[in-house]
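An overview of the molecular structure
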Amino acid sequence: MAEHSSDTSGPFIPTAMPSVSATAPLPQENKRPTAPILIAGGGIAGLATAIALQQAGFDAIAYERSDEVQPAGAGIILAPNALRALETIGLADRIRRAGYSCVEGMAITNIKGNALAKQASTLHEPLIAIHRAELHRLLLGALQPGTYRPGHGLASFEQRHDGVTVTFESRQRTEGSGLISAEGLNSLVRSQLLPGTRLRYAGYTCWRGIAPMQPQGICTETWGVGSRFGIVPLPGGATYWYALINASARDAELAELTRSELAASFHHYHEPVATLIESTPEDAIIHRDIVDFAPIPQFAFGRVLLIGDAAHAMTPNLGQGACQAIEDAICLAECMKRYGPAGLAEAFQAFESLRRTRTAAIVNRSRAVGRIAQLGNPALCHLRDAALRLTPASATRKQLQFLYDPR
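Keep in mind that what you see is a predicted model, and the values were worked out from it rather than measured.

1. What about unusual backbone geometry?
Between Glu271 and the following residue, Pro272, the backbone shows a cis peptide bond with an omega angle of 10 degrees. Mapped onto the fold, Pro272 is located in the loop between α7 (259-265) and α8 (273-278). The phi angle at Arg171 is positive, at roughly 75 degrees, despite the residue not being glycine. Mapping Arg171 onto the fold places it in the loop between β10 (163-168) and β11 (173-176). Look at Arg171 and you get exposed, because its relative accessible area is 76%. The phi dihedral of Arg250 falls on the positive side, at around 55 degrees, and the residue is not glycine. On the basis of relative accessible area, Arg250 is assigned to the exposed category, the value being 73%.

What follows is the structure, given as structure tokens:
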């Protein structure tokens, strides 16, 4: 979750486009499509997109594979750029009230708890920490009735010059004017359109949990040697925490780590790190390897569009995964309003032009920050920590300006 990036390289901008003809924008008819826009995926990206499109006057339906709402993860931090985007669909104040306002910002500390760097509240907007399930509840509540369809996992799709046909795992079929994939990392749509895209393991694995205690009021991320630990206050006296350790991909031994064994792995960290782990119900601790994929050359494919993690999955090191998905939703709605229902493919193409370079830069910066934060050489970690102490606040603000104020 660290927001301190020393990566100043330019964004990755692919120069080659896929050569297969199926990826080329399809010719459009001038008549107004009557079928709804179909959204595959009922996570943050899919729900925010459905809300934004509906508020812009479009018929949009979100289809979710799970029969019940089962949001992945534990807690989430929404940065000023996401909150500004949520203002446009009237949800920012509700989320602020439901979340924890990190008015003191976020600090990076060493394993003794001594501050290495501190990020104060920026752009007159503190970070908001919220339980992911609560965020889902608020998003679902803002949808038009009947436009969220659980139990509809996407099986296949076909597109024509005037629409798309989607087949679900139940073999039910439905027609739409367009298809938006908000399916996340393992998007079926992306795998068909860009089969060469491969997930990249970041080199570290992660545990997340929510402890029923709140020992402090500031968000912190502690950087050790080959490991990190984040502490994020939540409403109601709870704390969202996350722990990262360098490891091989799909490490079977780490996957079976008990709560006490995980706490022992962080026994050399300052308090209350081990206590937070031990106080969390063991069956509520989530473990996953951290993965992303390299920036892809295309989001729009005629009447089919990739958004959120389906388009630009990123490591969590800048805390921007969900924030960029929310930016996507608002940007897409603006493009749709500009081109109208009959210009859906043009709107999708405009969205790609506006979003691809920014999201590619954030994917690359986030991965670079993770490499620095997870250094496994003690001597290099000593130099890293010294550099953090010496970094002027003005340099930190400049880095955050890119993330938080994209205008």
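2. Side note on the sheet that holds β10
Ordered in space as β9-β10-β11, the three strands form an open sheet in which the pairing is antiparallel. Single-partner strands in this sheet number two, and they are β9 (154-160) and β11. Strand after strand, the sheet turns through a mean of 20 degrees between neighbouring axes, direction not considered. Across four bridges, the pairing between β10 and β11 is antiparallel. Among the inter-strand pairings, Val166 is bridged to a residue of β11, identified as Thr174.

3. Description of the pattern of salt bridges
For the coordinates displayed, the defined rule picks out 16 salt bridges. Note that Glu334 and Lys337 form a salt bridge whose closest N and O atoms lie 3.0 Å from each other. Within this pair, Glu334 and its partner Lys337 are both found in helix α10 (residues 321-339), separated by three residues, close to a single helical turn. What emerges from the salt-bridge pattern is a single network uniting Glu87, Asp93, Arg96 and Glu125.

4. So, the packing of aromatic side chains
In total, this model carries six aromatic pairs according to the counting rule given. Ring centres 5.6 Å apart and planes at 10 degrees place the aromatic pair Phe229 and Trp241 in the stacked group. With a gap of 12 residues between them, Phe229 in strand β15 (residues 227-234) and Trp241 in strand β16 (residues 238-246) connect regions that are remote in the sequence. Neither residue differs from the other here; Phe229 and Trp241 are each classed as buried. Aromatic rings pair up to connect Phe229, Trp241, Phe266 and Tyr269 into one cluster.

5. Focus on the sheet that holds strand β5 (residues 106-109)
Each strand in a sheet pairs with its neighbour through backbone hydrogen bonds, running either in the same direction (parallel) or in the opposite one (antiparallel). Spatial ordering of the open sheet is given by β6-β5-β14-β15-β16-β13-β17, a layout of seven strands whose pairing is mixed. The open sheet terminates on both sides in strands that have one partner only, identified here as β6 (115-119) and β17 (286-292). For this sheet, the mean angle separating the axes of adjacent strands, direction not counted, is 20 degrees. Where strand β13 (residues 200-211) and β16 come together, eight bridges link them in antiparallel fashion. Paired with Cys206 across the two strands is Leu244, which belongs to β16. The strands touched by helix α12 (residues 378-390) are β5, β6 and β14 (219-223); relative to β6, the strand with the most contacts, the crossing angle is about 45 degrees.

6. Observations regarding the confidence of the model for the protein chain
Of the residues in the protein chain, 89% have a pLDDT of 70 or more, and the chain-wide mean is 90. Residue range residues 1-33 is modelled with pLDDT below 50. Its contacts to residues more than four positions away, or to other chains, number 87 contacts.

Analysis parameters
Residues numbered from 1 in each chain as written. Predicted model: local features only at pLDDT ≥ 70, side-chain atom pairs only at ≥ 80, totals over all residues. Heavy atoms only, no water. Helix = DSSP H or I, 4+ residues; strand = E, 2+ residues; numbered from the N terminus. Buried < 20%, exposed > 50% of the residue type's maximum accessible area, 1.4 Å probe, protein only. Pairing = 2+ DSSP bridges. Axes fitted to C-alpha atoms, helices over the stretch in contact; angles between N-to-C directions. Salt bridge = Lys/Arg side-chain N within 4 Å of Asp/Glu carboxyl O. Phe/Tyr/Trp six-rings, centres within 6.5 Å; stacked < 30°, edge-to-face > 60°. Contact = heavy atoms within 4.5 Å. pLDDT = per-residue confidence, 0-100.

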